[in-house]
Amino acid sequence: MPDGTMQPPVLRVEDLTVRFTRRNTDVAAVNGVDFSLQAGETLTILGESGSGKSVSLKALMGLLPAYAGVSGKVWLNGKEILGLPAAALAKLRGGAVSMIFQEPMAALDPVYTIGEQIAETIVQHEGCDNRTAMKRALGLLEQVKIPSAERRLKNFPHEMSGGMRHRAMIALALACKPSVLLADEPTTALDVTVQIQILLLLRQLQAELGMAIVFVTHDVGAAAEISDRIAVMYAGRFVETGTTRQVMREPMHPYTQGLLSSTVHGGMRGRALETIPGSPPNLAELPPGCAFAPRCRYAVDACRQGDIPVVTTETGAMARCVRAEELVEA
Amino acid sequence: MLLFALRRLLQAIPILLGVSLVVFGLVHIVPGNPIDMLMPPEASPEVIAQMKAAFGFDKPLYMQFLLWLLRAVQGDFGLSVFNATPVWGQLLAALENTFVLAILGAALGFSMGILCGMVSALYHGRWPDKLFSAIATVGVSLPHYWCAIVLVLVCAVLHDWLPAQGMGDDTLPLYERLQYLVLPVITLSLIPMGVIGRLVRATVLDILGQDFVGALSAKGLTRWPVIRHIAKNAAPPVLALMGLQFGYLLGGSILVETVFNWPGSGNLLNLAIFRRDIPVLQATILVLATFFVLLNLLVDIAQAAIDPRIRR
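Counting from 1, residues in each chain are numbered in the order their sequence is written. Naming scheme: in the order in which they are written, chains are lettered from A and ligands are numbered from 1. Where local features are concerned, this predicted model is filtered to residues with pLDDT of at least 70; where side-chain atom pairs are given and counted, the filter is 80 or more; whole-chain, interface and lining totals use all residues. Hydrogens are left out, water is left out, and the side-chain values use all remaining heavy atoms of the structure.

## Thoughts on a nonpolar patch on the surface
Residues and elements named next belong to chain B.
Stage number 1. On the surface, a nonpolar cluster with roughly 560 Å² of combined accessible area is contributed by Val138, Leu142, Tyr145, Trp146, Ile149 and Leu255.
Stage number 2. For helices the rule is a DSSP run of H or I covering at least 4 residues; for strands it is a run of E covering at least 2, with both sets numbered from the N terminus onward. Element by element, the count of residues in the nonpolar patch is highest for helix H7 (residues 144-158), at three residues.
Stage number 3. Summarising the element assignment, Ile149 is placed in helix H7. By definition, no residue in a patch forms a salt bridge, and every one has over 30% relative accessible area; like charges are joined within 9 Å, nonpolar side chains (Val, Leu, Ile, Met, Phe, Trp, Tyr) within 5 Å. Here the accessible surface of atoms and residues is derived via Shrake-Rupley with a 1.4 Å probe, and residues count as covered only by protein chains that are part of the display. For this document, the term salt bridge refers to a Lys or Arg side-chain nitrogen within 4 Å of an Asp or Glu carboxyl oxygen.

Pasting the structure below:
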């Protein structure tokens, strides 16, 4: 927990930038993302589709295609990992950093059993024999609470239910005890009842294993449920960061406010749901100044030019907005 | 899995029966019956009736079919009309020669095709893709027999590198007999190479576009284990095509065997057609069709063993 006792962060990201340059288009997908994460902490990156959340995660894993230009610095357990050679990166992936996906049916190989897929990862990373790896896989399935795990080990992905596949995918990601788990919209495709089960499972596993989680979602409810801190992403930038309570209760950035008031939650009978007018900007032609300005009802001339100042409160919350201070006071 | 195999095996039986019915029907497509054609016009009706009884032509058609089938499954296809030797012996010798060609041609064609397709897909859009795709396209586009003639022209006529035709004498040393194989095997491998190469490329590209391949890298697998996953996913459709192609090689190499004067089943079929040698024709078609059915049965079972989603 981020409480004063300063341990070195497990994951530190500085000025992460991703550009996709192809032919004549230059898409600025991620524009200078900074954050750091302690062991056992959960950061949620909250944003609409196309805001650069998933690209940021893939950049951390080194999974972007070759034409993507990634720059910035990423430290994992104090070691710089961005731009490592492929072999060294492969060792980290699935080892110290692993990832869970939105759709396990697409993330698991359809022609290998769950057991084989988990064991394979363990063998790759730890070089143990297959029998030992299978035993570990069984333990992992039990850990993610898959009933009759022994039988499920021999199941193929299509033979399991959606929630079960999700658990299997999480077991796979945890196979080598990662220190950082990257979760790319892991609950988006699930029924709400299963969604909450998976969120609770993740929290419990985090408590047991002490890993840090970067959780990417567009679901404000899921973010509120799982995170210690929230970073709101818009057009490839963090526009607001803070603890979950700060961001949910006292959002400073107009975009965050819009996002929260366009979400259905309790106690809002009879009130019309607000929407944010317009749509996210084209990342190939970002406007100068604040990318949200064209949709912002508070926008003034200063918003449309130059770099936008970062406002930091004494409690550590941050907003990238010209008028943040006056808006909070108002 | 065992149940699946058993069910597929049972399904093959009606197909084989259908094939044998068609093959049997060959004789009866010609109006009248063979005895009428064999007997001189002045033969007395008693002799004709006697002959008919002796060959079983007096019985109803379905009885004739059953008797013929019963003998056929025991390997008795009667005598060749052309040289009065047992059909079965001729067919066995020819099949053996064809098998040698087909197996080598398939091995060369399939391995080259898989290599071309895999490299093309993994280097999609770059020069290896363009090169190997061009090779594969040329492979499927050129007519067999034309390639055979050009190869003979270049390697046997213009230069004295390899023998032009035949399969060499039994007395020749192995090394020299192998030389007779080179040109026909290369010719036969071209189409399988092209067809398999293009399918492998398309299938692998399709698989590479699926999310789980990215997920494989995300769990830290290195290049070769990832390729193993891709190969297993690509195997079922490729196997299906290989089964078909091997079947074609067994029976469909009539042109190539004719150009190279290779005494195989294709050649035998060709001769039988020109000689109106119905028993040989029947036996060859029935045996080749049976191989085809069995081959596809094997492919189906192999597919189900690889991809569990097919087992239903």
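## Some remarks on the side chain of Asp129(B)
All names here are of chain B.
Stage number 1. If you trace the backbone, Asp129 turns up in helix H6 (residues 127-141).
Stage number 2. Looking at Asp129, its side chain comes within polar contact range of the side chain of His124, at 3.4 Å.
Stage number 3. Throughout, a contact is declared for two residues whenever any of their heavy atoms are within 4.5 Å. For Asp129, the contacting residues outside a window of four places in its chain are Ser120, Tyr123, His124 and Arg201. Whenever two N or O atoms come within 3.5 Å, that pair is a polar contact, provided that in protein one can donate a hydrogen and the other can accept it, and provided that, for residues adjacent in sequence, both atoms are side-chain atoms.

## Some words on unusual backbone geometry
Residue and element names in this part refer to chain A.
Stage number 1. At Asp15, a position not held by glycine, the phi torsion is positive, near 55 degrees.
Stage number 2. You can see Asp15 is positioned in strand E1 (residues 11-22).
Stage number 3. By relative accessible area, which is 44% here, Asp15 ends up partly exposed.
Stage number 4. Positioned with a positive phi, Asn77 is a non-glycine residue whose angle comes to about 50 degrees. Think of it in three bands: with a 1.4 Å probe and only protein chains considered, a residue is buried below 20% of the maximum accessible area for its type, exposed above 50%, and partly exposed in between.

## Regarding the side chain of Thr217(A)
Residue and element names in this part refer to chain A.
Stage number 1. Within the secondary structure, Thr217 is located in strand E8 (residues 212-217).
Stage number 2. Note on Thr217: relative accessible area 0%, which makes it buried.
Stage number 3. Setting aside its immediate chain neighbours within four residues, Thr217 contacts Thr44, Ile45, Leu46, Gly47, Lys53, Glu185 and Ala223.

## Observations regarding the sheet that holds strand E10 (residues 237-243) of chain A
Residue and element names in this part refer to chain A.
Stage number 1. In spatial order, the strands read E6-E7-E8-E3-E9-E10-E12-E11; together these eight strands make up an open sheet with mixed pairing. In the strand order of this sheet, the two ends are held by strand E6 (97-100) and strand E11 (310-312), each with one partner. Strand-to-strand twist of the sheet, defined as the mean angle between neighbouring strand axes without regard to direction, takes the value 20 degrees.
Stage number 2. Sheet topology places E6 next to strand E7 (residues 180-184); four bridges connect them, and they run parallel. Counterpart to Val97 in the pairing with E7 is Val180.
Stage number 3. Strands strand E3 (42-46), E6, E7, E8 and strand E9 (229-234) of the sheet are contacted by helix H1 (residues 53-61), whose axis makes an angle of about 145 degrees with E7.
Stage number 4. Along the sheet, helix H11 (residues 254-261) contacts E3, E9 and E10; its crossing angle with E9, the most-contacted strand, is approximately 105 degrees. Here, a strand pair is defined by DSSP locating no fewer than two bridges between the strands. As a rule, the C-alpha atoms of each element are fitted with a line to give its axis, helices using only the stretch in contact, and angles between N-to-C directions run from 0 to 180 degrees.

## Re the environment of Val299(B)
Stage number 1. Relative to the helices and strands, Val299(B) is located in helix H13 (residues 278-306).
Stage number 2. Taking relative accessible area as the criterion, Val299(B) reaches 9% and is therefore assigned buried.

## Section: the packing of aromatic side chains
Stage number 1. Pairs were defined over the aromatic rings of Phe, Tyr and Trp, the Trp ring being its six-membered one, requiring ring centres within 6.5 Å. Orientation was assigned from the angle between planes: stacked under 30 degrees, edge-to-face over 60, tilted for the rest. Taken as a whole and assessed by the stated rule, the structure comprises eleven aromatic pairs over all chains.
Stage number 2. Between Phe24(B) and Trp68(B) the ring centres are 5.6 Å apart and the planes differ by 45 degrees, which places this aromatic pair in the tilted class. One end of the pair, Phe24(B), is in helix H1 (residues 2-29); the other, Trp68(B), is in helix H4 (residues 61-73), and 44 residues separate them in sequence. Both residues of the pair, Phe24(B) and Trp68(B), belong to the buried class.
Stage number 3. Chaining the aromatic ring pairs together yields one cluster made of Tyr234(A), Tyr255(A) and Phe292(A).
Stage number 4. Across the ring face of Trp75(A), the terminal group of Arg12(A) is positioned such that the distance to the ring centre comes to 4.3 Å.
Stage number 5. Sitting above the plane of the Tyr67(A) ring, Arg22(A) keeps its charged end 4.0 Å from the centroid. Criterion for a charge above a ring: Lys NZ or Arg CZ within 6 Å of the ring centre, and within 35 degrees of the ring normal.

## Some details on the nonpolar core
Residue and element names in this part refer to chain A.
Stage number 1. By convention a nonpolar core is built from buried Ala, Val, Leu, Ile, Met, Phe, Trp, Tyr and Cys residues, the set being connected through side-chain atoms within 4.5 Å. Leu11, Phe35, Leu60, Ile118, Ile170 and Leu182 are the most contacted members of the largest nonpolar core, which totals 82 residues.
Stage number 2. It is helix H7 (residues 162-173) that contributes the most residues to this core, seven residues altogether.
Stage number 3. Residue assignment places this core across two domains, with domain 1 (11-96 + 178-264 + 274-280) and domain 2 (108-177) each supplying three or more.
Stage number 4. If we ignore the near neighbours within four places in the chain, the residues touching Leu182 are Leu57, Leu60, Met61, Val97, Ser98, Met99, Ile100 and Val214. By convention here, the domain bounds are inherited from an automatic or database domain assignment.

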